[in-house]
Structures are given as C-alpha cells and as structure tokens.
Amino acid sequence: MTPEISQRIARLKAALARPEDAAAVEDVAALLAEIQQLETDVAVFKHAFDTTCADRDQLLAHLGGRRPWAAPSETPASIPVSLTRMLDDLAGSANLSPEDLAELGHRLEAGDAETMSAADWRAMSLISERLIAADDNTVTGEALLAQANKVSLLINFWKMAFDSGGAIDGITLTELLRQKLSLLTRCAGHGYQVQCLAQIEALLLNLGLADRYMDETGAARRAMQDHARRTGLAATNMEIIDLAAHNRSIGILALLDYYLRAQKLGLLPAKKTILLCDKFLENEYLVELLRNEAVVIDDAVAAQPLRSFANSLGCNFAATLELNGREMFWAEAMAETYAAWTERMSAPLLQLPDRDIERGYAALQDIGVNPADRFVCIHVRQAGYKPEFAIDSPNNCAIETYFDAMKYLVGVGYRVIRLGNQTMTPLPQIPGVIDYAHSNVRSAFMDVFLIANCDFYIGTASGPAILASAFERPAVMTNMQPLIARPPREHDIFIPKLYCRSASGSLLKFGEILASPLGYAFNNSSLFMDGKIEVVDNSPDEIRHAVSEMVELVTAQSLAQDVQVPIKSALQLRFDAISTSRLNYGRRSRMSQAFVERHADLLD
C-alpha cells in the first residue's frame, strides 16, 4: 500500500474516533474524495475496503449508500463508534493483512487464478462463512451480493483449474456453490429478491435440491401475484414476460408453446400475454410464429417502460406454476398440458404458413432431400454452442455413438438430418446422412421447419427437443440427465445416462439416484465428483435399439386408422413407480424396452 494511501487511512481512522465531531464528519468526506482522486491507488483501497464486510456496510449506510470512491451525495449526520474498527477488521479478516486482502481482491478481479495460493482460497471461504453467519443487524444485502459475486469468480477459477488438470486443495466446487447459494438467499432477505432470484433458482437445480426449488419458486410466484393484487395491477389481466431475463435460447422460446396452450385450455387463467423480445434471441423466426398467440414487443423504446412492470406482472413459465389448481414443475405442467390438448384439439398451436413450408422443402432439395423423402432430425448436444467448463457438461455427448443408429435409419428408408451449428464436430461421409449443421442452408427458419416436419426427432437434453414437443413430433430422447428428466408425450421414448461408482464399478440403482440430489442436479458434475461417481453415456447399441423401437411405433401408427397409445410393459411401469417427486417431468413417456430389460436389476 502506497504512503499516500497509508497516510489517508491513518487520518481516516483518527476521524472515525470522533463520531460526534462535525469536523470529523467533514474530514471523512474530504478524505474519501481525496482517495477518489488517486486513480492509481484507489483500486487498492477499493479492494481492501470491499473486504471489511459488516463495518464497511455501516460506513456506506452513513454515506448515503455510496461507494467511498464515488462522491457522497450529502454529508452524514454522524458516524458510529464501531467504525473505528473498520481498518482493524481488514487485518483480522481470515488472518490476512489489509495489503494481503487488497492484493487478493486485485487478483480476483484481474482473473489471475494461477497465482492464488491455498491460503487465499481459504481466506475467501472464511469471509463468505463470516457473512453467512453474521447477524442481520450487522450485514447488508449489498455486502452479501458483493461477496456472492466474488464467490462466482472463485467458482470460475475452480473450473478453470479443473479443466487444466489441476485442483484446489481442501475446497470443492459443491462447497463454493453452496456458499454462493447461502449468500444470495440471505441477500434476497435484505430486499434484493429481483437481483438474486434467478441465480438462486439455477443454483438449487445445479445442486439437485428439488424440494427447496419447488418451495422457493412457488413462494416467489405467489409473492409476485400478491403484490400485483395489492397494487391493483392484477386488474389489468396482463402478464409481461421479459425474455431477456431467461437464456433467450430456442428451448425457452419453445416452452412458451405449452404455456400459451394451457391458457387456451383453461388450465391457467387466460391473460393478455406480452413478450418483451427487444434483445437478442436465438431464433427470431420462432418469435414471428408466436406473434399469432401473444403480443410481441421487439422495439427497445417500447419495451423499456413495460420491463419495469415485469416484476409484478411477470411469470416464470420455466420454473413452477399452479396448473389446474395443483403446484407443478414446468416439465410436468407441459406434459399435462399436451395430454389435455391432444384430447381436445386436432392440431398444434404453432403453425407454419403454407408458403414457408414450400420454401423449406425447396431448401431441402438443395441438400439432396426430396419432398417425398421421409427424414428424421437428430441433435446431439456438444460444448461448442454454449462454451462451458468441462465440469458443467454432463449433458454433452459424443456424436460418434449415434453413427450406428444413423446407418440403421438409412437402411430402413429414412434420410437423417443432423441439426446444430458450425461449432459441432463435422460428420464423416455417411450415405443418406446430411450434416445440416455445416450446410449452406442452415438458418433460424430451417431449424424450425426441419423439426416441425420430420417423421420423428432424436435428441439429448437440449432446447431443440422442446421445439419437437411443440410441433408434436415423436421423440427419442437419449443420454437423458438428470435421471428425473424425460420427454413429455405418450409416444416419446427415452434412455437415461447411468451412474457408476468409481471404486467398485457398480451401477447405482434408479431408486438410489432419485433418493439423492444426483437425480435432480442440472448441468453440474461436482456432485458426482464429490461422491466419486462417474456418468455413463448410452452405448451405440442402446441408442440404436431405442431408435428401432420408435421406427416400429411410427410405422404401426402410419398403418392404423386410429393412433393408439402403446401399453407400457411391467418393467416400464416399475420405473415410473420409482420416479415420483414434486420436481418431476410427468410419467407419460416410456423408457426404451430394450434398455429397461438390459438394466432391470437397477429397478430393485
């Protein structure tokens, strides 16, 4: 720490020792302004000051909530005596000196994970624990949110170390995720619900905390509805869905289909739905189809005033909702909605205009597919579309394990169209298989057209699978993870990934998995690492058998006058009986018969 900063800190401590002295209050404001002017040194003081936790927050409160490197809007009336401990607490935090903590903060924001020592990691962990355990009167939401952001950096550093073959001694990723969850949960209790809720929901799913996820998302939805009633906004009978608050993927857009259907069926209250689409979305053609069913606002000027009402009139259709009087996870609500729609309606909600269908078939001819050809779409999730750390990717799969299924489909008369984008592994030359992901006809429109018009869809846990459900295409869902996940429709078939004990090589039984967070954890392999569990992908043979079952089903239905729902086998029903949870995907689809027979011992 430079002499200029040290001198000012000494003067600041002296001023803080005279809390009732008006001159001292003025001195504090002047000193903070002086420190602000030291552009080279202000970052050092900023990082040191950020780490003082509770005392820092008391000072901020008396400075009108402003940071010390920003000019205060007004002079505070007094400063509490306890602030005399402010800089002493710096040295006491995790047994590090102010200089140590300032340098640690500097390295964190600079992204320099490699220079962080084990002591640095433990220090930041101890600071988090101190904040989590602090009394509500001595900590503010701002302090909790700031530390949660630091833990987010630590989480990324941990993942970078893992990806490079390293490890952080004594600290697990699960521990860091739980710390961040605890910090954000306390922060939300201090009035920061809007800033924290989405992160809390994601962490609960990452950690497989199914019951808590259902409780907290349900409570947040009811609190929003109560606020709308109290303020009179509920009388507008509108809901505003800000798609910028979601991940803007094709999957999120496709989920709106089930939600709008549920309103039309009376399973949800019918409202005027306004979609704010003024920020980048993955598939703008799908947005155009949604215009027929909702008010779409894609102009930033028009969207901004409406966005301020989204916290009162919004709806998280990708969390939990009360469908027909019962609390449900979105996936179960989707399954129930589609079942009710099939009974009462004759066509999907979203429809491609005839001119677009003609345009799509014309583009197919450019890649060698004729209008009379039967074709199947396949999408296998890989890391390229959404660059991730390796530990975040339990849903990613190797496209090579699907080659046998592709060749089988070509052998029984299908063309196979591989979906995706140019970041995906290019396919080798396989007769009858088109690598659309690397073709010159790939577009947002063609992504939708292909899925809407295929005979059936083969996929993994990724957004395009939801679009297949929206267009009522039968689906074979492979490598499903977590175990609770499954497609929504009665004619869908799925096979899950399996979990193996690293030490013994034995597979975990389905009941064991679903009795633990492993069965519900999304996009997070740290739980498997902690438990010394390995995730086992489906074999080429398992994938081919599941696909052949769908071919038999589709062929039988094309020959039948009435489309009959296949009767489940005793083994399939046994799996359904095991997979019960508040957070569930419904039980209408079926596990592949060949797969459940091969792994019947996992049902015990």
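Note: the structure precedes this text.
Structural notes, computed from the coordinates. Here the structure is a predicted model, which means the values were calculated and not measured.

**Some thoughts on the overall build of the chain**
Right, on to step 1. Within the chain one finds 25 helices and 14 strands.
Right, on to step 2. Counting only residues that meet the buried cut, the chain has 53% of its 604 residues in that class.
Right, on to step 3. Sequence separation of 24 or more characterises 69% of the internal contacts of the chain that already satisfy a separation of 6 or more.
Right, on to step 4. Summed over all atoms, the accessible surface of the chain reaches about 25,400 Å², with 52% contributed by carbon and sulfur.

**Focus on the pairing of strand E1 (residues 238–242)**
Right, on to step 1. Of all five residues making up E1, four are buried, and the element is well covered by its neighbours.
Right, on to step 2. One ladder, built from five bridges, connects E1 with strand E2 (residues 272–276); its direction is parallel. Looking across to E2, one finds that Ile-240 is bridged to Ile-274.

**Digging into the nonpolar core**
Right, on to step 1. Counting residues in hydrophobic clusters, the biggest one holds 159 residues, and the most contacted among them are Tyr-258, Phe-317, Met-406, Leu-450, Phe-456 and Tyr-457.
Right, on to step 2. Contact partners of Met-406, with chain neighbours within four places excluded, come to Ile-378, Ile-399, Val-416, Leu-427, Ile-430 and Val-433.
Right, on to step 3. Of all hydrophobic cores here, the second largest spans nine residues; its members include Leu-233, Ile-240, Leu-276 and Ile-297.

**Here's the deal with the sheet that holds E1**
Right, on to step 1. A sheet is described by the order of its strands in space; here three strands give the open sequence E1-E2-E3, paired in parallel fashion. Each end of this open sheet is capped by a strand with a single partner; those strands are E1 and strand E3 (295–297). When the angles between neighbouring strand axes are averaged without regard to direction, this sheet yields 20°.
Right, on to step 2. Across the face of the sheet, helix H12 (residues 250–265) comes into contact with E1 and E2 while running at roughly 175° to E1.
Right, on to step 3. Each of E1, E2 and E3 touches helix H14 (residues 300–307); the most contacted strand, E2, lies at about 120° to it.

**Examining the sheet that holds strand E10 (residues 475–480)**
Right, on to step 1. Here seven strands make up an open sheet; going across it, the order is E8-E7-E6-E9-E10-E11-E14 and the pairing parallel. For this open sheet the edge positions go to strand E8 (433–434) and strand E14 (590–591), each flanked by a neighbour on one side alone.
Right, on to step 2. With four bridges joining them, strand E6 (residues 375–379) and strand E7 (residues 415–418) adopt parallel strand pairing. Its bridge partner lying in E7, Phe-375 is registered against Arg-415.

**Regarding unusual backbone geometry**
Right, on to step 1. Residue Pro-482 follows Gln-481 across a cis peptide bond; omega there is 5°.
Right, on to step 2. Turning to its location among the elements, Pro-482 is positioned in the loop between E10 and strand E11 (493–496).

**Section: the packing of aromatic side chains**
Right, on to step 1. For the structure shown, the criterion picks out 13 aromatic pairs.
Right, on to step 2. Note on Tyr-361 and Phe-449: the rings are 5.1 Å apart at their centroids and 90° apart in plane angle, and the pair reads as edge-to-face. Residue Tyr-361 is located in helix H17 (residues 354–366), and its partner Phe-449 is located in helix H19 (residues 444–453); the two are separated by 88 residues in the primary sequence.
Right, on to step 3. Residue class for Phe-449 comes out buried when judged on its relative accessible area of 0%.
Right, on to step 4. Every member of this aromatic cluster is reached through a ring pair, and the members are Tyr-213, Phe-329, Trp-330 and Tyr-585.
Right, on to step 5. When the ring centre of Tyr-338 is taken as reference, the NZ or CZ atom of Arg-489 above it lies at 4.0 Å.

**Focus: the pattern of salt bridges**
Right, on to step 1. Tallied over the full model, the rule gives 27 salt bridges.
Right, on to step 2. Here Asp-373 and Arg-415 are joined by a salt bridge, their closest N and O atoms 3.5 Å apart. Of this pair, Asp-373 sits in the loop between H17 and E6 while Arg-415 sits in strand E7, and the two are 42 residues apart along the sequence.
Right, on to step 3. For Asp-373, a relative accessible area of 24% gives the class partly exposed.

**Observations regarding helix H11 (residues 210–231)**
Right, on to step 1. Between its first and last C-alpha, H11 extends 32 Å over 22 residues, near the 32 Å set by a 1.5 Å rise per residue.
Right, on to step 2. Restricting attention to buried positions, one finds in H11 the residues Ala-210, Tyr-213, Met-214, Thr-217, Gly-218, Arg-221 and Ala-228. Burial along H11 is one-sided: seen end-on, the buried residues are contained in an arc of 115°.
Right, on to step 3. Backbone geometry just downstream of H11 places Gly-232 in the positive-phi region, at approximately 85°.

**A word on H19**
Three- or four-residue spacings in an α-helix give side chains the same orientation, since the helix completes a turn every 3.6 residues.
Right, on to step 1. Within H19, seven of the 10 residues are buried, which leaves the element mostly enclosed by the surrounding structure.
Right, on to step 2. Along H19, the residues that are buried comprise Phe-445, Met-446, Val-448, Phe-449, Leu-450, Ile-451 and Ala-452.

**Considerations on the environment of Ala-319**
Right, on to step 1. Within the secondary structure, Ala-319 is located in the loop between helix H15 (310–313) and strand E4 (320–323).
Right, on to step 2. For Ala-319, a relative accessible area of 2% corresponds to the buried category.
Right, on to step 3. Distance in space between the C-alpha atoms of Ala-319 and Ala-202 is 9.9 Å, their sequence separation being 117 residues.
Right, on to step 4. When sequence neighbours within four positions are dropped, the list of residues in contact with Ala-319 reads Glu-201, Tyr-213, Thr-217, Met-328, Phe-329 and Trp-330.

**What about the pairing of E10?**
Right, on to step 1. When you tally the buried positions in E10, you get six out of six residues, the bulk of the element.
Right, on to step 2. Where strand E9 (residues 457–459) lies against E10, three bridges are found, and the strand directions are parallel. Each residue of the ladder has a partner; that of Ile-458, found in E10, is Val-476.
Right, on to step 3. A crossover links E9 with its parallel partner E10, the connecting element being helix H20 (residues 463–470), and its sense is right-handed.

**Some words on the packing of H12 against helix H16 (residues 330–344)**
Right, on to step 1. Here H12 crosses H16 at 55°, and the two axes come no closer than 9 Å. Classified by the angle between their axes, H12 and H16 sit oblique to one another. As H12 packs across H16, the resulting crossing turns out to be left-handed. Here Leu-255, Asp-257, Tyr-258, Arg-261, Ala-262, Lys-264 and Leu-265 of H12 come into contact with H16, specifically with Trp-330, Ala-333, Met-334, Thr-337, Tyr-338, Ala-340, Trp-341 and Arg-344.
Right, on to step 2. Of the residues belonging to the contact of H12 with H16, the class tally is 10 nonpolar, one polar and four charged.

Cut-off values and rules
- Residues numbered from 1 in each chain as written.
- Predicted model: local features only at pLDDT ≥ 70, side-chain atom pairs only at ≥ 80, totals over all residues.
- Heavy atoms only, no water.
- Helix = DSSP H or I, 4+ residues; strand = E, 2+ residues; numbered from the N terminus.
- Buried < 20%, exposed > 50% of the residue type's maximum accessible area, 1.4 Å probe, protein only.
- Contact = heavy atoms within 4.5 Å.
- Areas by Shrake-Rupley, 256 points an atom, 1.4 Å probe, with all protein chains shown as cover.
- Pairing = 2+ DSSP bridges.
- Core = buried A, V, L, I, M, F, W, Y, C linked by side-chain atoms within 4.5 Å.
- Axes fitted to C-alpha atoms, helices over the stretch in contact; angles between N-to-C directions.
- Phe/Tyr/Trp six-rings, centres within 6.5 Å; stacked < 30°, edge-to-face > 60°.
- Lys NZ or Arg CZ within 6 Å of the ring centre and 35° of its normal.
- Salt bridge = Lys/Arg side-chain N within 4 Å of Asp/Glu carboxyl O.
- Expected span 1.5 Å × (residues − 1).
- Arc of directions from axis to C-beta.
- Right-handed = clockwise from strand over helix to strand, strands pointing away.
- Parallel < 35°, antiparallel > 145°, perpendicular 65-115°, else oblique.
- Left-handed = near helix turned anticlockwise from the far one by under 90°.
- Nonpolar A, V, L, I, M, F, W, Y, C, P; charged D, E, K, R; others polar.

Honestly, that's just the spatial picture; any functional story needs more than this.
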